[in-house]
Amino acid sequence: MAQPIPTRARASSGSVQASELPAGINIPHLSTSATLSTSPPVASPPNQSFFPGTSPISSTLNRNRLLAAAPKVLQPFQEEQIRILVLENISQGAVNQLKEQGFHVDFYTKAWTEDELLEKIGEYHAIGIRSKTKITAKVIKAASKLLVIGCFCIGTNQVDLPAAAAAGICVFNSPYANSRSVAELVISEIIALSRQLIDRGSEMRAGTWNKVSKGCWEVRGKTLGIVGYGHIGSQLSVLAEAMGLTVVYYDVIPIMPLGSARQVDTLEDVLAQADFVTLHVPELEETKNMFSAPQFAAMKQGSYLINNARGTVVDIPSLVDALESGKLAGAAVDVFPREPGANGEGAFGDELNAWSSRLRKCRNTILTPHIGGSTEEAQRMIGIEVASALIRFLNYGSSTGAVQFPEVDLRLISQKDESIRLCHVHQNVPGVLRGVNEILSDYNVEKQFSDSRGDIAYLLADITSVSEEDIARIFELISKTKTNILTRILH
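Residues numbered from 1 in each chain as written. Predicted model: local features only at pLDDT ≥ 70, side-chain atom pairs only at ≥ 80, totals over all residues. Heavy atoms only, no water.

Asker: Sorry, what's going on with the packing of aromatic side chains here?
Answerer: Where two aromatic rings form a pair, the distance of their centres and the angle of their planes describe that pair. Under the definition given, this model contains 11 aromatic pairs. Between the aromatic rings of F348 and W355, the centroid separation amounts to 6.4 Å while the plane-to-plane angle is 65°, which identifies the pairing as edge-to-face. W355 gets classed as buried once you look at its relative accessible area, which sits at 12%. A network of ring pairs unites the aromatic residues F172, F393, F405 and Y458 as a single cluster. Here the basic side chain of R488 rests over the ring of F393, its NZ or CZ set 5.0 Å away from the ring centre. (Phe/Tyr/Trp six-rings, centres within 6.5 Å; stacked < 30°, edge-to-face > 60°. Buried < 20%, exposed > 50% of the residue type's maximum accessible area, 1.4 Å probe, protein only. Lys NZ or Arg CZ within 6 Å of the ring centre and 35° of its normal.)

Asker: Help me understand the sheet that holds strand 13 (residues 328-333) in this model?
Answerer: Strand pairing in a sheet takes place through backbone hydrogen bonds and is either antiparallel or parallel in direction. One open sheet holds the seven strands; their spatial order is 10-9-8-11-12-13-14, and the pairing between them is parallel. Taken across any chain shown, the strands that pair with only one partner, and hence form the sheet edges, are strand 10 (262-263) and strand 14 (365-367). Across four bridges, the pairing between strand 8 (residues 223-227) and strand 11 (residues 276-279) is parallel. Considered in strand 11, the bridge of I226 is made with T278. Lying on the sheet, helix 11 (residues 316-325) is in contact with strand 12 (303-307), strand 13 and strand 14; it crosses strand 13 at an angle near 145°. (Pairing = 2+ DSSP bridges. Helix = DSSP H or I, 4+ residues; strand = E, 2+ residues; numbered from the N terminus. Contact = heavy atoms within 4.5 Å. Axes fitted to C-alpha atoms, helices over the stretch in contact; angles between N-to-C directions.)

Asker: Even after reading the chapter, I still don't get the packing of helix 2 (residues 92-99) against helix 13 (residues 376-396), so can you show me in this structure?
Answerer: In a packed pair of helices, the relevant descriptors are the angle between the two axes and the axis-to-axis distance. Across the interface, helix 2 lies against helix 13 with an axial gap of 8 Å and an inter-helix angle of 20°. Of the possible angle classes, the one that applies to helix 2 and helix 13 is roughly parallel. As helix 2 runs across helix 13, the sense of the crossing is right-handed. Counting all contacts with helix 2, which are made through A94, Q97 and L98, the residues of helix 13 involved are G383, I384, A387, S388, L390 and I391. (Parallel < 35°, antiparallel > 145°, perpendicular 65-115°, else oblique. Left-handed = near helix turned anticlockwise from the far one by under 90°.)

Asker: Would you mind going over unusual backbone geometry with me for this structure?
Answerer: Comment: phi is negative for the bulk of residues other than glycine, and the bulk of peptide bonds are trans. With a phi close to 65°, E88 is a non-glycine residue in the positive phi region. For E88, the position within the fold is in the loop between strand 3 (83-86) and helix 2. For E88, a relative accessible area of 7% gives the class buried.

Asker: What is the right way to look at helix 15 (residues 468-479) in this model?
Answerer: Think of an α-helix as 3.6 residues a turn; residues three or four steps apart then line up on the same face. In a regular helix each residue adds 1.5 Å, so 12 residues correspond to 16 Å; helix 15 covers 16 Å between its end C-alpha atoms and thus fits that length. Tucked inside the fold, the buried residues of helix 15 contact strand 15 (419-427), helix 14 (432-439), strand 17 (456-464) and strand 18 (484-490). (Expected span 1.5 Å × (residues − 1).)

Asker: Is there a simple way to think about the sheet that holds strand 16 (residues 444-453) in this case?
Answerer: With respect to topology, four strands assemble into an open sheet ordered 16-17-15-18, the strand pairing being antiparallel. Bordering the open sheet on either side are strand 16 and strand 18, each of which pairs with just one other strand. Looking at each pair of strands side by side, their axes are set apart by 10° on average, direction ignored. With six bridges joining them, strand 15 and strand 18 adopt antiparallel strand pairing. Within the sheet, the bridge partner assigned to H424 lies in strand 18 and is T487. Running at roughly 150° to strand 15, helix 14 makes contact with strand 15, strand 16 and strand 17 of the sheet.

Asker: Whenever I open this one, the side chain of S91 confuses me. Can you help?
Answerer: Mapped onto the fold, S91 is located in the loop between strand 3 and helix 2. Exposure remark for S91: the relative accessible area of 17% places this residue in the buried category. One polar contact links the side chain of S91 to the main-chain amide nitrogen of G93, over a distance of 3.1 Å. The residues touching S91, leaving out its near neighbours within four places in the chain, are Q379 and R380. (Polar contact = N/O pair within 3.5 Å; in protein donor to acceptor, adjacent residues only side chain to side chain.)

Asker: It is not clear to me how the environment of E286 should be interpreted in this structure. Could you clarify?
Answerer: One can find E286 in the loop between strand 11 and helix 10 (293-298). In sequence terms E286 and V313 are 27 residues apart; their C-alpha atoms lie 9.2 Å from each other.

Asker: Please clarify how the packing of helix 6 (residues 179-194) against helix 8 (residues 231-242) should be interpreted in this entry.
Answerer: Two numbers describe how helix 6 lies on helix 8: the axes approach to 9 Å, and their chain directions differ by 50°. As summarised for this structure, helix 6 and helix 8 are arranged oblique, according to the angle between their axes. When the axes of helix 6 and helix 8 are compared, the crossing they make is right-handed. Together, S179, R180, V182, A183, E184, V186 and I187 of helix 6 and H231, I232, Q235, L236, L239 and A240 of helix 8 make up the contact between the two elements. Among the residues forming the contact of helix 6 with helix 8, the class breakdown is eight nonpolar, three polar and two charged. (Nonpolar A, V, L, I, M, F, W, Y, C, P; charged D, E, K, R; others polar.)

Asker: What is the right way to read the side chain of H424 from this model?
Answerer: Relative to the helices and strands, H424 resides in strand 15. The class of H424 is buried, set by a relative accessible area of 0%. A polar contact of 3.4 Å, which involves the side chain of H424, links it to the side chain of N484. Apart from the residues lying within four places of it in its own chain, the contact partners of H424 are V432, V436, A457, Y458, L459, I478, T481, N484, L486 and T487.

Asker: Honestly, helix 11 in this entry has me stumped. Any pointers?
Answerer: Of the residues making up helix 11, those classed as buried are I316, S318, L319, V320, A322 and L323. Immediately beyond the C-terminal end of helix 11, within one or two residues, lies G326, with a positive phi of roughly 90°.

Asker: Honestly, the pairing of strand 5 (residues 126-129) in this entry has me stumped. Any pointers?
Answerer: Look at any regular strand and the pattern is simple: side chains alternate between the two faces of the sheet. In strand 5, alternate side chains face the same way, and those of A126 and G128 on one face and I127 and I129 on the other are all buried. Sheet topology places strand 3 next to strand 5; three bridges connect them, and they run parallel. From the neighbouring strand, V86 faces strand 5, where its bridge partner is G128. Two strands pair when backbone bridges link them, and strand 5 and strand 6 (residues 148-151) are joined in this way by four bridges, in the parallel orientation. Along strand 6, the bridge assignment pairs G128 with G150. Crossover connection from strand 5 via helix 4 (residues 137-142) to parallel strand 6: handedness right-handed. (Right-handed = clockwise from strand over helix to strand, strands pointing away.)

Written out as structure tokens, the structure is:
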């Protein structure tokens, strides 16, 4: 059972996104005023204005009606500017998106070590990372102000998710935005491996002319085996079939195939049939060293392995053995059990992984520095998705799309409403809502929603017509309940 953690009341202020507003309404940053445009909507005929007629009374009524529907810019109780730490060269678009909300953003291109995080994390309300920065339980304990973690990538194994949830810290990621980029990389690797492009290119750079066709193949008519038929695997399936490949796939659950792809019952069925085997599974205890000597022995003679999933899924020394023996004709590896914290010459050496030099000597082997999702398009979409989730959580308390946190949301408070929003993270035990509602019984609760996940529960409640004294009283009483983990009030 999660234990109570000292209360931290942090909220944020920010501008409302244009996409959330009705046409003709513009709410400046940190302002509750609105300007009115009389430009007609795009779909309106030329003779129809946004507000029909010229009556001042009519215009005022329409304006008030729209202002009532527009979302209110919430301000924090116990005001303090939100500070966000952004690491690992996250998209500048995402950084700008956060800054536009009025947040203070500190941006760094490199990953931080645990010691660096322990020294500075106590200053920040939010942090944005990719895959190399590790948010451990020790770091979370030191993060006295932290409200939310944004993982600007697919995976979240770099975060101690249970420890974050127990501290009332919400974690977001971007599970789908780079799917196309990874799928396209796999297609390029299939062709490059089948034509030995890496070896021929290296020979040419060394001045060697080696025009050969032995061991080089068309991909048309070959069989691609996909292990993990999720968003990446299914997109890859469609692309591969368009190139004339036959697709079989294995997944732990039955999944409807796209196109003519065919699901098989066991991993061994894939290995026995596939000329190319590509991995798209998460990093779990069950997938650790999922591919080692027995799996390579079960693959077809002269087949190829592609791993753009997680570095722990493949036992690299066993892969090297299979390549050196000729059992595999080639491999493409984009992820590794241990990866450098920053770019640099000599970073991927035997000091990091003892087998590195052996792997680098293997013929027809493509080695890339974890670039599966590293395209301008993918990073832009990841940046937008995760930054938007951080903004919604900090500004409005919405946890929709959270990785390990109860997903709770309420409709936005309108400009005309005199409401505050209570955001209360608490232990998931009986009687909590009764106690909270007793505290709120003297006030008008306009809307309320609660959900739980494991030992953690999260409540959002909008309360109308309360004074500053009322807000302070509500905050004090709820934050002192014995099941409280974290309480914020936005108003």
